[in-house]
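Inside the fold
Each chain, letter by letter, is given below.
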Amino acid sequence: MANIPHFDRFWMVCRKPTGPLSETKPRTRYSSFEDALNAARKLATENEGQFYILETVATARPGEARQETLF
C-alpha cells in the first residue's frame, strides 16, 4: 500500500451493505481512526446493526496515467 501523507488521510463510517445495489453514502469525515471507531460503535448501538469504517488507501491525481501509481 502506498504511504499516504497524514493530511490526506481520513476515515468514514457507513452501514454494512445488504446487497449489490445497497448505497453506503458515508457523509462525515473523521481525522482519526479512534473518532471513526467511536462514531461507528455509537451508530451500531443506536441502530442495532453493523457499521464499517472506511479508510483512504490511495490518492489519484489528475494526469496520472499509470494505474500502479494508485497502489
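Residues numbered from 1 in each chain as written. Predicted model: local features only at pLDDT ≥ 70, side-chain atom pairs only at ≥ 80, totals over all residues. Heavy atoms only, no water.

1. Section: the sheet that holds strand β2 (residues 29-30)
Note the threshold: Two strands make a pair as long as DSSP finds a minimum of two bridges between them. A run of H or I in DSSP counts as a helix once it spans at least four residues, and a run of E counts as a strand once it spans at least two, with each numbered from the N terminus. Pairs of residues are marked as contacts when any of their non-hydrogen atoms sit within 4.5 Å. Orientation is described by axes fitted as lines to C-alpha atoms, over the contacting stretch for helices, and by angles from 0 to 180 degrees between their N-to-C directions.
The three strands lie next to each other as β2-β1-β3, forming an open sheet whose pairing is antiparallel. The open sheet is flanked by β2 and β3 (51-55), the only strands paired with a single partner. Here two bridges tie strand β1 (residues 11-15) to β2, and the two strands are oriented antiparallel to one another. In the sheet register, Met-12 faces β2, and the bridge partner there is Arg-29. Relative to the sheet, helix α1 (residues 33-47) contacts β1, β2 and β3, its axis offset from that of β3 by approximately 160°.

2. Description of the pattern of salt bridges
A side chain with one charge may pair with a side chain of the opposite charge, provided their charged atoms come close. Put simply, the rule reads: Counted as salt bridges are all cases of a side-chain nitrogen of Lys or Arg within 4 Å of a carboxyl oxygen of Asp or Glu.
Per the stated rule, a full pass over the model turns up three salt bridges. Here Lys-25 and Glu-23 are joined by a salt bridge, their closest N and O atoms 3.2 Å apart. Of the charged contacts in the structure, one is a salt bridge between Lys-42 and Glu-46, with a shortest N-O distance of 3.8 Å. Placement of the pair is Lys-42 and Glu-46 together in helix α1, with a separation of four residues, close to one helical turn.

3. Some remarks on the nonpolar core
If you look at soluble globular proteins, the nonpolar side chains tend to sit buried side by side. Under the convention used in this document: By convention a nonpolar core is built from buried Ala, Val, Leu, Ile, Met, Phe, Trp, Tyr and Cys residues, the set being connected through side-chain atoms within 4.5 Å. Per-residue accessibility, obtained with a 1.4 Å probe over protein chains only, is compared with the maximum for each type, and a residue is labelled buried under 20%, exposed over 50%, and partly exposed between these values.
In terms of nonpolar packing, the biggest core is built from six residues, these being Trp-11, Val-13, Ala-36, Ala-39, Ala-40 and Phe-51. For this core, the secondary structure elements donating two or more residues are β1 and α1. A total of three residues in this core trace back to one element, the largest contributor, which is α1. Discounting chain neighbours no more than four positions away, the residues touching Phe-51 are Val-13, Cys-14, Arg-15, Lys-16, Ala-40, Leu-43 and Ala-44.

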